[in-house]
Amino acid sequence: MNMVLPLFTLGCTLTLLLPITAALPPQQPLVEPDTAISKSSNLPLILWHGLGDNYKADGLRDIGKLLNETIGDTYTFFVRLDDDPAADRQASFLGNLTLQVEKVCEDIATHPILSKVDAVNGLGFSQGGQFLRAYVERCNKPRMSNLVTFGAQHNGISEFQKCRDSDWLCWGWSGLLKGNTWTDFVQGKLVPAQYFRNPEDLENYLEHSNFLADINNEREVKNKTYKKNMKKLDKFAMYMFSEDVTVIPKESGYFADVNTTSAEIIKLEDRDLYKEDWLGLKWLDEKKRLDFRIAEGGHMALSKEILQEVFNDYYRPKA
Ligand SMILES: *[C@@H]1O[C@H](CO)[C@@H](O)[C@H](O)[C@H]1NC(C)=O
Ligand SMILES: *[C@@H]1O[C@H](CO)[C@@H](O)[C@H](O)[C@H]1NC(C)=O
Ligand SMILES: *[C@@H]1O[C@H](CO)[C@@H](O)[C@H](O)[C@H]1NC(C)=O
Ligand SMILES: *[C@@H]1O[C@H](CO)[C@@H](O)[C@H](O)[C@H]1NC(C)=O
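These figures come from a predicted structure and were not determined experimentally. (Residues numbered from 1 in each chain as written. Chains lettered and ligands numbered in written order. Predicted model: local features only at pLDDT ≥ 70, side-chain atom pairs only at ≥ 80, totals over all residues. Heavy atoms only, no water.)

### Thoughts on the site of ligand 2
Threshold: Note on terminology: near, applied to a residue and a molecule or strand, indicates that one of the residue's heavy atoms is within 4 Å of it. Pairing of N or O atoms within 3.5 Å defines a polar contact, subject to two protein rules: one partner must be a possible hydrogen donor and the other a possible acceptor, and residues neighboring in sequence count only if both atoms are side-chain atoms. Every accessible area reported is derived by Shrake-Rupley at a probe size of 1.4 Å, with residue values counting cover from the shown protein chains alone.
Lining the immediate environment of ligand 2, one finds R138, N223 and Y226. N223 has a polar side-chain atom sitting 2.3 Å from an oxygen atom of ligand 2. The fraction of the free accessible surface of ligand 2 (360 Å²) that becomes covered by protein chains is 39%.

Here's what the structure looks like:
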C-alpha cells in the first residue's frame with residue numbers, strides 16, 4: 001500500500017470548510033455556466049458535500065475557486081439532491097440512498113456539460129465519499145477517472161455522530177434512531193443509518209442495511225458490475241484525518257475494520273473484502289492506483305495546502 005506522509009503540517013493555514021452547519025442561504029446568488037462548455041482540458045470535477053452541508057455553501061465555492069487558481073479553469077459540479085439549498089441540506093440527513101444515488105446518476109448523465117465528456121474526477125467529503133463511490137459502482141456514466149475521498153465512512157460507522165445543541169434537524173433524526181436502526185422505516189429514511197455497521201452485529205447489518213452492505217459487496221451474492229466499474233478508476237485516494245473524532249472509527253476512511261471491544265484495527269489488506277477482492281481494491285492496489293493519505297487535524301479541517309496537494313496530484317492533467 002502507498003502510505004504518504006503529510007507534506008506540511010497545519011498551523012496558520014487557511015481552513016476553508018466551516019463546521020458541518022454551514023450558513024444558509026449563501027450571500028450571493030451563483031450563476032452556473034451550465035450552457036458553456038469549458039475550453040480547458042481539465043476533466044470536470046464532481047464534488048459531493050457532507051452531512052449537514054448544502055451544495056451552495058460558501059466553503060464549497062471557495063474550493064472551486066482554489067481549484068481554478070491551482071490547475072487552471074475546471075468545471076466543478078456541486079452535487080445536489082434539490083436545487084433549494086435548505087432542501088439539499090435536509091436530504092443529507094433524510095432520504096433513501098438508493099434513490100438519492102439514482103437521482104445524482106441521472107442528473108450527471110443528462111447534464112449539458114458532464115454528459116458530453118469522456119471522464120470526470122471526483123471529490124467526496126465525508127459521507128459524500130462513499131456516495132461518490134456508489135456513483136462509480138452503480139453508474140459511472142461518464143466514467144470517473146480519479147476519485148479522492150476525505151474522511152469518508154467507507155466501512156461505515158459504529159457510532160452515530162453527536163448533534164450540536166442548536167441543530168434541530170440532527171436532533172430530530174437522532175431521536176428516531178434509538179433502537180430502530182434496522183427497521184425498514186429508518187433504513188429507508190435516515191441517511192447515516194444506511195451506512196451504520198457494527199462489527200459485533202453483522203447479522204442485522206447484512207440483512208437490513210439499505211446501502212453500505214450492498215455497495216461494499218459484503219453479501220453472499222456479489223455484484224460484478226461494482227468491481228468492474230471500480231477497476232476503471234485511474235486512482236482512488238483516501239484521506240483520513242489524523243485527529244478525527246466525528247467519524248467513529250476514523251479508520252473507516254481507509255476501509256479498515258475496527259473491533260469495537262478491543263479497538264484492534266484490521267487493515268483493509270487483511271480483510272476478506274480485499275483478499276477476495278469483492279470491489280477490485282486489491283487489483284487497484286497492485287497496480288499502484290490505491291492511495292492512503294493523511295490530512296492533519298479534525299474531521300474536515302481542510303487546509304488550502306492539502307487541497308492544492310489533491311488538485312496537483314490527482315486533477316492536474318498529466319503532461
Ligand atoms: C472555474 O472555471 C470554470 C470553467 O471555466 C468556470 O465555469 C467556473 O465558474 C470557475 N469557477 C470560479 C469560482 O471562478
Ligand atoms: C448490479 O448493479 C447494477 C448497477 O447498479 C445493477 O444494474 C444490477 O442489477 C446489479 N446486479 C445484481 C445481481 O444485483
Ligand atoms: C429504498 O428505495 C429502493 C428503490 O425504490 C427500494 O427498493 C428499497 O426498498 C428502499 N429501502 C427501504 C429500506 O425502504
Ligand atoms: C473483538 O475482540 C474481542 C476481544 O479480543 C473478541 O472476543 C471478539 O470476538 C472480537 N470481535 C470480532 C467481531 O472479531
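### Details of the environment of V186
Stated formally: A run of DSSP states H or I qualifies as a helix once it reaches four residues; a run of E qualifies as a strand once it reaches two. Both are numbered from the N-terminal end. Relative accessibility decides the category of a residue: with a 1.4 Å probe and only protein chains considered, values under 20% of the type maximum give buried, values over 50% give exposed, and everything between is partly exposed. Whether two residues are in contact is decided by their heavy atoms: any pair within 4.5 Å suffices.
Examined against the element boundaries, V186 turns out to sit in helix 6 (residues 184-187). Take V186: its relative accessible area is 1%, and that puts it in the buried class. C-alpha of V186 to C-alpha of G95: the two residues are 91 residues apart in sequence and 9.5 Å apart in space. Those residues in contact with V186, other than ones at most four positions away along the chain, are L176, L177, N180, T181, A193 and Q194.

### Some details on the site of ligand 4
Formally: Residue classes follow a fixed rule: Ala, Val, Leu, Ile, Met, Phe, Trp, Tyr, Cys and Pro count as nonpolar, while Asp, Glu, Lys and Arg count as charged, and any other residue, Gly among them, counts as polar.
Surrounding ligand 4, one finds P199, E200, N259 and S262. Its free accessible area being 360 Å², ligand 4 has 37% of it covered by the protein chains. In the shell around ligand 4, the residues fall into one nonpolar, two polar and one charged.

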